[in-house]
Amino acid sequence: MMSYQIFFMLPPELVVAVVTIPLCTVGLLGNTCLLIATFMKKAIRSKIGRLRFAPVHDGYLVAVLATLHSICLFFELCMVKSHLRFEPSTRRECFLRIFPYTFSLLAQAIMFLVLAVDMLFAVVIPIKHRLWMTLPYVSVMCSPPFAFATFAIFWSVLVMEDDFIEMCTPIQAIPPSVYWWGSYLINGINILGIFIIGTVVFALFHRDREVRSTRNSIKLTAYSEEKKVRNWERGPRRENNSHLQILRSIALLILVFVCSWCISNISSHLSFRYLSKETAHYVQTYNVIIVLPTYCQSYFVTFLRSERYRSAYKQQIRWLLPGLAMDQPPIPQRSQNFRNSSIQL
């Protein structure tokens, strides 16, 4: 109980700085590693992970998302250094000072839906999805987020006023009429993205069930029986790992995004509309702590979900720390002997 009292007794500037600086630093380093891995590894640009229905363009889309998150993290550090979050100013002045942050924040909010739609295309129409040219496809998929951010910024400039605001944040910098319109639209798009991801999960399980039933109906020849005996250990494990990787990545994306960005957006919406001015100001002060994990998630999600990303990250760690061993542990001797005995059969 005393720890909570001490926490609330500390100055808000100190609390926000202590939390923001480490998170922004880690997030910037992680996003930088992701961008370096994307541009240096061709396998990452062509496929994200060894998943059966993996999107072939997803590496570029994740890189675009990481770039937008890096801009947000950089401006958060700048705001901590210049104390913009705790200095009153006019709305126009605040808008001009953090204009790139506002644009990136609006664009990255729609990129979640873009990733969900890309995954849906990869499952529903996998052949066409692989035949599409990468750069034109990525350009078309990234057009809605950037168009939405551009339209919101243009509308904000048209209706901008020099009214006084107590704190300079991207939400405060946007005029109220634009904020309410964008808030409702972003929340609806986020719900649509979660629904699409649920549809993808259902489609994957349905397709896997059809594949298994087809395999069971085919009579295996003697050669296929022998091949099945030889690869009995690798086949099911690889198939199960694919599903586990898909479910893990989807669960992480939903958990981090919903618990971070959506909660932050909804709390801002409710505080402005239903709470007092002082309480809303208090919510906005600490709201950045909730939204920061959204900007830092790309590196950790790709590290956990994709073997190709994980291999590239381990190679980067070996470059920085040559003496650190990041290779996979050797297979026990018992498993090797058992595998050799199976092959001899």
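Keep in mind it's a predicted model, so treat the numbers as computed, not measured. (Residues numbered from 1 in each chain as written. Predicted model: local features only at pLDDT ≥ 70, side-chain atom pairs only at ≥ 80, totals over all residues. Heavy atoms only, no water.)

Trainee: Tell me about the UniProt feature "transmembrane region" (unreviewed entry) in the protein chain, residues and numbers included.
Mentor: In the numbering used here, UniProt assigns the feature "transmembrane region" (unreviewed entry) to residues 14-39, 60-82, 102-125, 137-158, 178-205, 246-266 and 286-304. End C-alpha to end C-alpha, residues 60-82 measures 33 Å, and it is 100% helix and 0% strand. Split by type, residues 137-158 is 100% helix and 0% strand. Its first and last C-alpha atoms lie 32 Å apart. (UniProt positions renumbered as here; feature names shortened; annotations may be inferred. Helix = DSSP H or I, 4+ residues; strand = E, 2+ residues; numbered from the N terminus.)

Trainee: Before we move on, can you summarise empty space enclosed by the protein with the specific residues and values?
Mentor: Counted according to the given criterion, the structure contains 6 cavities of 30 Å³ or more. In this structure, the largest cavity encloses a volume near 300 Å³. As for the largest cavity, its lining consists of 25 residues, and the residues nearest its centre are L105, P170, I171, Y179 and W261. The dominant element in the lining of the largest cavity, judged by the number of residues it contributes, is helix α10 (residues 176-217), at 6 residues. (1 Å grid on protein atoms, 1.4 Å probe; cavity = no way out; pocket = protein on both sides within 12 Å on 5 of 7 lines; lining within 4 Å. Points joined across faces, edges and corners; volume = space filled by probe spheres on them.)

Trainee: Summarise the packing of helix α13 (residues 277-305) against helix α14 (residues 307-320); cite the residues concerned and give the values.
Mentor: Contact geometry for α13 and α14: axes closest at 6 Å, N-to-C directions at 110°. For the element pair α13 / α14, the angle class is roughly perpendicular. Where α13 crosses over α14, the handedness of that crossing is left-handed. Counted together, Y299, T302, F303, L304 and R305 of α13 and E307, Y309, R310 and Y313 of α14 form the full contact between these two elements. (Axes fitted to C-alpha atoms, helices over the stretch in contact; angles between N-to-C directions. Parallel < 35°, antiparallel > 145°, perpendicular 65-115°, else oblique. Left-handed = near helix turned anticlockwise from the far one by under 90°. Contact = heavy atoms within 4.5 Å.)

Trainee: Describe the packing of aromatic side chains, and please don't skip the residues or the numbers.
Mentor: Enumeration according to the criterion identifies 16 aromatic pairs in this entry. When the centroid spacing of 5.5 Å and the interplanar angle of 70° are considered together, the rings of F151 and W181 count as edge-to-face. Of this pair, F151 sits in helix α8 (residues 134-159) while W181 sits in helix α10; the two residues are 30 residues apart in sequence, bridging distant segments of the chain. Using a relative accessible area of 29% as the deciding quantity, one classes W181 as partly exposed. Relative to Y313, the ring of F303 lies with its centre 6.0 Å away and its plane at 5°, an arrangement referred to as stacked. Remark: Y313 occurs in helix α14 and F303 occurs in helix α13; sequence separation between them is 10 residues. (Phe/Tyr/Trp six-rings, centres within 6.5 Å; stacked < 30°, edge-to-face > 60°. Buried < 20%, exposed > 50% of the residue type's maximum accessible area, 1.4 Å probe, protein only.)

Trainee: Would you mind going over the nonpolar core in detail, with residue names and values included?
Mentor: Ranked by size, the top nonpolar core spans 72 residues in total, and within it I98, Y101, L106, W261 and Y295 carry the most contacts. Top element by residues in this core is helix α6 (residues 99-124). It accounts for 16 residues. Setting aside residues no more than four positions away along its own chain, Y101 makes contact with C72, F75, E76, M79, P170 and Y295. (Core = buried A, V, L, I, M, F, W, Y, C linked by side-chain atoms within 4.5 Å.)

Trainee: Help me get a handle on α6, residues and values and all.
Mentor: Along its 26 residues, α6 runs 38 Å from first to last C-alpha, staying within 8% of the 38 Å computed at 1.5 Å per residue. Most pronounced at I110, the bend in α6 amounts to some 25°. (Expected span 1.5 Å × (residues − 1). Bend = angle between axes of the 7 residues up to and from the residue.)

Trainee: Explain the pattern of salt bridges to me, and be specific about the residues and the numbers.
Mentor: In this structure the tally under the stated criterion is 3 salt bridges. With a shortest N-O distance of 4.0 Å, E93 and R97 are connected by a salt bridge. Within this pair, E93 and its partner R97 are both found in helix α5 (residues 91-97), separated by 4 residues, close to a single helical turn. Given the relative accessible area of 43%, R97 is considered partly exposed. (Salt bridge = Lys/Arg side-chain N within 4 Å of Asp/Glu carboxyl O.)

Trainee: Please set out the state of the cysteines residue by residue, giving values where relevant.
Mentor: Taken as a whole and assessed by the stated rule, the structure comprises 1 disulfide. At a sulfur-sulfur separation of 2.0 Å, the disulfide partner of C94 is C168. Looking down the S-S bond of the C94 and C168 bridge, the torsion is 95°, so its handedness is right-handed. Within this pair, whereas C94 is found in helix α5, its partner C168 is found in the loop between β2 (164-165) and α9 (170-173), the two being separated by 74 residues in sequence. C168 carries the same exposure label as C94, and that label is buried. Counting only cysteine sulfurs, C24 is the nearest neighbor of C72, a cysteine outside any disulfide, at a range of 9.8 Å. You can call C72 buried: its relative accessible area is 0%. This cysteine, C78, is not joined by any disulfide, and C24 carries the nearest cysteine sulfur, 9.6 Å off. (Disulfide = S-S within 2.5 Å.)

Trainee: Outline the packing of α6 against α13, listing residues and values.
Mentor: Contact geometry of α6 with α13 gives a least axis separation of 12 Å together with a crossing angle of 30°. The pairing of α6 with α13 is recorded here as roughly parallel in orientation. Viewed along their axes, α6 and α13 form a crossing whose handedness is left-handed. Packed against α6, whose contacting residues are Y101, L105, Q108 and M119, the element α13 presents T294, Y295 and R305 at the interface. Class assignment for the residues of the contact of α6 with α13 results in 4 nonpolar, 2 polar and 1 charged. (Nonpolar A, V, L, I, M, F, W, Y, C, P; charged D, E, K, R; others polar.)

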